[in-house]
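# Working through the structure, step by step
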Amino acid sequence: MIIVVKKNCEKSQYDSLVDWIKELGLDVHVSHGEMSTVLGLVGDTTKVDIDLISTLDIVEKVQKVSEPFKNANRKFHPNDTIVDISGRKIGGDYFQVIAGPCSVESEKQIVEVALAVKEAGATLLRGGAFKPRTSPYAFQGMGVKGLELLLKAKQETGLPIVTELMSEKHIDDFKDVDVIQIGARNMQNFDLLKQVGKTGKPILLKRGLANTLQELLMSAEYIMSEGATDVILCERGIRTFEPTTRNTLDLSAVPVLKNMTHLPIVIDPSHATGVAKLVEPMSLASVGAGADGLIIEVHNDPKKALCDGAQSLKPEQFKTVMDKVNLMLPIVNKKYI
Ligand code: PEP
Ligand code: MN
């Protein structure tokens, strides 16, 4: 349930309304907008007398919310959430590009790619240290050593780092990571979601291979129910019957999610298509659809990549994508900061 409170109402009346709701055993999620303040009531709202609240002078309207996600719901929080990652904002009018290799492979590789993507205009660096691979015999990532190398690349370039956490047991190793990625395969690892929600760090939450948008938002809700506010959603393609691409990019997820939630949404055209030459057209389409950012795989030598070489761009190909994206951003009223 949400209660829209009039702007400029008496503070004492506002405080007594909030106290009264809390006495009913409910949590109150407050969102201050330009025209009004929205109180989101979280918990069992069956005890709340809607008619009684509607008669209060300070109340503009009371609305029942049927969706099971509350903290992530746009009705509770009409304004876009803007996540600040060491001064780089994403959401609202702000756009960011996260780029880098699928996996960290060596110091030389990650530093070289980091310098190249920065030069091309990327604003954050990606790179997997812990890799969720379909086969247990495939390269599993460098682990903690990979995290150290990412930090080295961050030192060299100043780019904040985004990297995937697969298990709670490594959470302490992620203390210097700027954005924790939860991969598609862990979207419904509820214990992991709760743990990352406690870190206070921005979380990049990828949509599962066969999950609905409501399920994605329920996973965001798990993170936010632990107090986190900075969740970035990522559409990375879903599994369909179409075999020509690795997954099927659900681009309508962007405008649909924008309606359902206030959280920023980025698109991963690399995992969505699995094909390097499809990354550019789908990146441009993502900007057109209103995405708040892109996450793109770039490798200095894709043929020799230990993971996902076929979908990785060379730095010069990435530069072309960036130049075209940058031409489009003013048309969709987006900018970097
Ligand atoms: C990745 O970003 O490297 C990755 C494994 O992605 P996903 O979880 O979307 O498959
Ligand atoms: Mn990958």
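Residues numbered from 1 in each chain as written. Chains lettered and ligands numbered in written order. Predicted model: local features only at pLDDT ≥ 70, side-chain atom pairs only at ≥ 80, totals over all residues. Heavy atoms only, no water.

Lining the immediate surroundings of ligand 1 are 13 residues, of which Arg126, Lys131, Ala184, Arg185 and Arg236 lie closest. Here Lys131 contributes a side-chain N or O atom positioned 2.8 Å from an oxygen atom of ligand 1. Taking Arg236, its side chain carries an N or O atom lying 2.6 Å from an oxygen atom of ligand 1. When isolated, ligand 1 has an accessible area of 300 Å², and the protein chains bury 97% of it. (Near = heavy atom within 4 Å. Polar contact = N/O pair within 3.5 Å; in protein donor to acceptor, adjacent residues only side chain to side chain. Areas by Shrake-Rupley, 256 points an atom, 1.4 Å probe, with all protein chains shown as cover.)

Further remarks concern the sheet that holds strand β14 (residues 293-297). Overall, parallel pairing links the 8 strands, which are arranged β7-β8-β9-β10-β11-β12-β13-β14 in a closed barrel. With direction set aside, neighbouring strand axes in the sheet form an average angle of 25 degrees. As defined by bridge partners, strand β7 (residues 96-100) adjoins β14 across 5 bridges and the pair is classed as parallel. Counterpart to Gln96 in the pairing with β14 is Gly293. Relative to strand β9 (residues 161-164), helix α4 (residues 144-157) is tilted by about 165 degrees, and along the sheet it contacts β8 (124-126) and β9. Contacts from helix α9 (residues 276-289) reach β13 (265-267) and β14 within the one sheet, and its direction differs from that of β14 by about 170 degrees. (Pairing = 2+ DSSP bridges. Helix = DSSP H or I, 4+ residues; strand = E, 2+ residues; numbered from the N terminus. Axes fitted to C-alpha atoms, helices over the stretch in contact; angles between N-to-C directions. Contact = heavy atoms within 4.5 Å.)

Attention shifts here to the pattern of salt bridges. Under the definition given, this model contains 19 salt bridges. Between Lys145 and Glu148 there is a salt bridge whose closest N-O contact spans 3.8 Å. Within this pair, Lys145 and its partner Glu148 are both found in helix α4, separated by 3 residues, close to a single helical turn. Connected through salt bridges with shared partners, the residues Glu107, Lys152 and Glu156 form a single ionic network. (Salt bridge = Lys/Arg side-chain N within 4 Å of Asp/Glu carboxyl O.)

Bound to the manganese ion (ligand 2) are the protein donor atoms Cys102 (SG), His271 (NE2), Glu297 (OE) and Asp308 (OD), situated 2.0 to 2.4 Å from the metal. All donors of the manganese ion (ligand 2) come from a single chain, and their spacing in sequence reads C-x168-H-x25-E-x10-D. Remark: Asp308 occurs in the loop between β14 and α10 (315-328) and Cys102 occurs in the loop between β7 and α3 (107-120); sequence separation between them is 206 residues. (Donors = N, O, S within 2.8 Å, 3.2 Å for Na, K, Ca; no water.)

Attention shifts here to the sheet that holds strand β4 (residues 59-63). In spatial order, the strands read β2-β3-β1-β4; together these 4 strands make up an open sheet with antiparallel pairing. Single-partner strands in this sheet number two, and they are β2 (27-32) and β4. Strand-to-strand twist across the sheet, computed as the mean angle between neighbouring axes with direction ignored, equals 20 degrees.

Turning next to the side chain of Arg74. Relative to the elements of secondary structure, Arg74 occurs in the loop between β4 and β5 (83-85). Apart from residues lying up to four places away in sequence, Arg74 is in contact with Asn79, Asp80, Lys258, Asn259, Met260, Thr261 and His262.

What follows covers helix α7 (residues 253-260). Of the positions making up α7, those classed as buried are Ala253, Val254 and Leu257. Buried residues of α7, seen end-on, are gathered within an arc of 95 degrees and therefore sit on one face of the element. (Buried < 20%, exposed > 50% of the residue type's maximum accessible area, 1.4 Å probe, protein only. Arc of directions from axis to C-beta.)

Let's shift gears to the packing of helix α6 (residues 213-224) against α7. The interhelical angle for the contact between α6 and α7, taken along N-to-C directions, is 50 degrees, at an axis separation of 11 Å. Accordingly, the angle class assigned to the pair α6 and α7 is oblique. Of the two possible hands of crossing, α6 and α7 adopt the one that is right-handed. On α7, the residues that touch Leu213, Gln214, Leu216 and Leu217 of α6 are Ala253, Val256, Leu257 and Met260. Grouping the amino acids of the contact of α6 with α7 by side-chain chemistry returns 7 nonpolar, 1 polar and no charged. (Parallel < 35°, antiparallel > 145°, perpendicular 65-115°, else oblique. Left-handed = near helix turned anticlockwise from the far one by under 90°. Nonpolar A, V, L, I, M, F, W, Y, C, P; charged D, E, K, R; others polar.)

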